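# Descriptive analysis of the structure
This is what each chain is made of:
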Amino acid sequence: TLETVIETGLGLGLLVGIYPRIVAWSSAVLLSSFALTMTIALGLLAPLGYGVFTAIGAALLLGAIAAPHTLDVPATATDTKARTRLSTLTDVLKI
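Residues numbered from 1 in each chain as written. Predicted model: local features only at pLDDT ≥ 70, side-chain atom pairs only at ≥ 80, totals over all residues. Heavy atoms only, no water.

Before going further, it helps to examine a nonpolar patch on the surface. On the surface, a cluster of nonpolar side chains totalling about 650 Å² of accessible area is made up of Leu12, Leu15, Val16, Ile18, Tyr19 and Ile22. By relative accessible area, which is 45% here, Ile18 ends up partly exposed. (Patch = residues over 30% accessible without salt bridge, like charges linked within 9 Å, V, L, I, M, F, W, Y side chains within 5 Å. Areas by Shrake-Rupley, 256 points an atom, 1.4 Å probe, with all protein chains shown as cover. Salt bridge = Lys/Arg side-chain N within 4 Å of Asp/Glu carboxyl O. Buried < 20%, exposed > 50% of the residue type's maximum accessible area, 1.4 Å probe, protein only.)

The following block contains the structure:
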């Protein structure tokens with residue numbers, strides 16, 4: 001089915017590292033649709049038992065901390081500020 005193809009593509013994209021921020025956010029959206037469908041069809045315990053909400057949280061975290069994909073555009077002052085904030089966050093989290 002279409003969702004299986006999308007899920008496989010997003011998984012491979014995460015493993016290869018292609019557009020990690022976009023792929024992570026897309027994975028979070030897809031997992032949210034799975035969680036909603038499972039909750040409606042099977043009740044709240046089903047997605048909790050399969051760890052769907054944990055996977056959504058992991059995808060959202062990856063999307064938040066992944067470096068944005070750039071097209072080799074010269075760095076600007078805002079890029080430098082963003083990189084400084086990201087490096088501070090990674091230092092705090094010991095990543």
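Structure's up, so let's keep going.
Core analysis: the largest hydrophobic core is formed by 5 residues, namely Ala35, Met38, Ala46, Val52 and Ile56. Counting residues per element, the ones that place at least two in this core are helix 2 (20-42) and helix 4 (52-65). With residues near it in sequence (within four places) discarded, Val52 still touches Leu31, Ala35, Met38 and Pro47. (Core = buried A, V, L, I, M, F, W, Y, C linked by side-chain atoms within 4.5 Å. Helix = DSSP H or I, 4+ residues; strand = E, 2+ residues; numbered from the N terminus. Contact = heavy atoms within 4.5 Å.)

A few words on the confidence of the model for the protein chain. Across the protein chain, pLDDT averages 83, with 73% of residues at or above 70. Mean pLDDT values for the elements of the protein chain range from 62 in helix 5 (residues 77-93) up to 94 in helix 2. (pLDDT = per-residue confidence, 0-100.)

Bringing helix 2 into the picture now. The first and last C-alpha atoms of helix 2 sit 32 Å apart over 23 residues, in line with the 33 Å expected at 1.5 Å per residue. Tucked into the core, helix 2 has its buried residues touching helix 1 (2-16), helix 3 (45-49) and helix 4. Just downstream of helix 2 lies Gly43, where phi reads positive at about 100°. (Expected span 1.5 Å × (residues − 1).)

Below, the discussion takes up the side chain of Ser27. Along the chain, Ser27 falls in helix 2. When sequence neighbours within four positions are dropped, the list of residues in contact with Ser27 reads Leu10, Leu14 and Ala59.

One can find Ala35 in helix 2. Residue class for Ala35 comes out buried when judged on its relative accessible area of 3%. Ignoring sequence-local partners within four residues, the contact set of Ala35 consists of Pro47, Val52, Phe53 and Ile56.

Let's shift gears to the packing of helix 2 against helix 4. One can describe the packing of helix 2 onto helix 4 by two numbers: an axis separation of 8 Å at closest approach and a directional angle of 160°. Classified by the angle between their axes, helix 2 and helix 4 sit roughly antiparallel to one another. Helix 2 and helix 4 meet at a crossing whose hand is left-handed. Contacts between helix 2 and helix 4 involve Arg21, Ala24, Trp25, Ser27, Ala28, Leu31, Ser32, Ala35, Met38 and Thr39 on the former and, on the latter, Val52, Phe53, Ala55, Ile56, Ala59, Leu60, Leu62, Gly63 and Ala64. A per-class count over the contact of helix 2 with helix 4 returns 14 nonpolar, 4 polar and 1 charged. (Axes fitted to C-alpha atoms, helices over the stretch in contact; angles between N-to-C directions. Parallel < 35°, antiparallel > 145°, perpendicular 65-115°, else oblique. Left-handed = near helix turned anticlockwise from the far one by under 90°. Nonpolar A, V, L, I, M, F, W, Y, C, P; charged D, E, K, R; others polar.)

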